[in-house]
Amino acid sequence: MIIAIRPAGRDDVSTILRFIRELAAYEREPDAVEATEQMLEAALFGAAPAAEVLMAERDGATIGFALFFHTFSTWTGRRGLWLEDLYVTPEARGSGAGAALLKALAAIAIDRDCPRLEWTVLDWNTPAIEFYRAKGARPQDEWTTQRVTGAALRALAGR
């Protein structure tokens, strides 16, 4: 069984959204997904794409995806890649699809002269943490993610 990685196309939007919903359920937030197919199509394939997606396939079936976008480091003076979501369907876990997606992302980072490929992982997601460690990832424990949303965001903006 060979895992094939390819860039997503417009016809993948419904599958991407399904995978996002499955990932949200796995991450214990099944009702948190606000994205729609229309929103994803505009964000991924519109006039100014905000992100890119790689699809993983095995025997003609789509079994996973990785959604990523560019960041910028003032310290390196170069852009990096941020992996927002990596998901492999439960029945395909252990098939090598996750590793193939990470390998493809690493190659994109190198090809685009990005010195960093970064992402976050939930602290309770031991299988993912172990998988990432095995691939050479190391935690950035000295950094914590900060987020402002909803009413706090509006207040910060003075609105």
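Residues numbered from 1 in each chain as written. Predicted model: local features only at pLDDT ≥ 70, side-chain atom pairs only at ≥ 80, totals over all residues. Heavy atoms only, no water.

**A word on the nonpolar core**
Piece 1. Membership of the largest hydrophobic core comes to 23 residues, with the highest contact counts inside it found for Leu54, Leu86, Leu101 and Leu105.
Piece 2. A total of eight residues in this core trace back to one element, the largest contributor, which is helix α3 (residues 97-111).
Piece 3. Discounting chain neighbours no more than four positions away, the residues touching leucine 101 are Ile5, Leu54, Met55, Ala56, Gly64, Phe65, Ala66, Leu86, Tyr87 and Val88.
Piece 4. Of all hydrophobic cores here, the second largest spans 17 residues; its members include Phe19, Leu23, Ala35 and Leu40. (Core = buried A, V, L, I, M, F, W, Y, C linked by side-chain atoms within 4.5 Å. Buried < 20%, exposed > 50% of the residue type's maximum accessible area, 1.4 Å probe, protein only. Helix = DSSP H or I, 4+ residues; strand = E, 2+ residues; numbered from the N terminus. Contact = heavy atoms within 4.5 Å.)

**Overview of the packing of aromatic side chains**
Piece 1. Applying the stated criterion to the full structure yields five aromatic pairs.
Piece 2. Between phenylalanine 19 and tyrosine 87, the aromatic rings sit 5.5 Å apart at their centres with planes inclined by 50°, giving tilted as the arrangement. Taken together, the residues phenylalanine 19 in helix α1 (residues 13-26) and tyrosine 87 in strand β4 (residues 78-88) connect sequence positions 68 residues apart. The pair phenylalanine 19 / tyrosine 87 is uniform in exposure class, with both members buried.
Piece 3. An angle of 45° between the planes, with centres 6.0 Å apart, marks the rings of tyrosine 26 and tryptophan 124 as tilted. With a gap of 98 residues between them, tyrosine 26 in helix α1 and tryptophan 124 in the loop between β5 (117-118) and α4 (126-134) connect regions that are remote in the sequence.
Piece 4. Looking at tyrosine 26, the relative accessible area reads 33%, which means it is partly exposed.
Piece 5. Geometry around tyrosine 26 places arginine 93 over its ring, the cationic atom sitting 5.1 Å from the centre. (Phe/Tyr/Trp six-rings, centres within 6.5 Å; stacked < 30°, edge-to-face > 60°. Lys NZ or Arg CZ within 6 Å of the ring centre and 35° of its normal.)

**Focus: the environment of leucine 105**
Piece 1. By the secondary structure assignment, leucine 105 is in helix α3.
Piece 2. Relative accessible area serves as the criterion here: at 0%, leucine 105 is assigned to the buried category.
Piece 3. Considering only alpha carbons, one finds leucine 105 and phenylalanine 68, 37 residues apart in sequence, at a separation of 8.4 Å.
Piece 4. Apart from the residues lying within four places of it in its own chain, the contact partners of leucine 105 are Leu54, Ala66, Phe68, Leu81, Leu83 and Leu117.

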